[in-house]
Structure formats: structure tokens, C-alpha cells
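Fold and contact review
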Amino acid sequence: MELFGIVVGVVLLLVPSLKKLLDSVAYRNRARGKAEIIRAKHAIGTPRQVPSGRRNQEKQEKGKASG
């Protein structure tokens, strides 16, 4: 029974460290996934969002060029 108590004590001491390790691995996996999505979007050439002020200027310039 003493051996069982020692094993339980060691496991209880290791649980917080193991939880931190798993959280760290999960965070890295999420970050890697987000980076992969960003790289894929850039690879296919998705248009970037333009601030509204620049968008209005571009429309005016297109109107002047075609008119």
C-alpha cells in the first residue's frame, strides 16, 4: 500500500506540469494552423481589404481614366 501512495503522490505532482505541456502543444498547433491559413490565402492572391478612403479614391481614378 505504501508503494501505491507514493505512485499516487508522484502522479499528483506531475499533473500540473503535464497540463501545462499539453496546453503549450495545443497553442502551438493552433498558431501553426492559423499561419498555414494565412500563407494559403496569400498564395491564392486574395484581395486585401483597402481602407474606405483609398477605395473612394480608386473609384474616382477609374472614372476619370475611362471617361
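Residues numbered from 1 in each chain as written. Predicted model: local features only at pLDDT ≥ 70, side-chain atom pairs only at ≥ 80, totals over all residues. Heavy atoms only, no water.

1. Let's talk about the overall build of the protein chain
Per the secondary structure count, the protein chain includes 2 helices and 0 strands. For the protein chain, the computed accessible surface area is about 6,600 Å², with 62% contributed by carbon and sulfur atoms. (Helix = DSSP H or I, 4+ residues; strand = E, 2+ residues; numbered from the N terminus. Areas by Shrake-Rupley, 256 points an atom, 1.4 Å probe, with all protein chains shown as cover.)

2. Here we look at the pattern of salt bridges
Tallied over the full model, the rule gives 1 salt bridge. A salt bridge links Asp23 to Lys19; the shortest N-O distance between them is 3.1 Å. Linking Asp23 with Lys19, this pair stays in helix H1 (residues 2-44), spanning 4 residues, or about one helical turn. (Salt bridge = Lys/Arg side-chain N within 4 Å of Asp/Glu carboxyl O.)

3. Quick notes on a nonpolar patch on the surface
On the surface, a cluster of nonpolar side chains totalling about 510 Å² of accessible area is made up of Met1, Phe4, Val8 and Leu12. For Val8, the location among the structural elements is in helix H1. (Patch = residues over 30% accessible without salt bridge, like charges linked within 9 Å, V, L, I, M, F, W, Y side chains within 5 Å.)

4. Some points on H1
Its 43 residues place the ends of H1 63 Å apart at the C-alpha level, agreeing with the 63 Å of an ideal helix rising 1.5 Å per residue. The sharpest bend along H1 reaches about 35° and sits at Val15, with the proline Pro16 one to four residues further on. Following H1 by one or two positions, Gly45 has its phi on the positive side, about 75°. (Expected span 1.5 Å × (residues − 1). Bend = angle between axes of the 7 residues up to and from the residue.)

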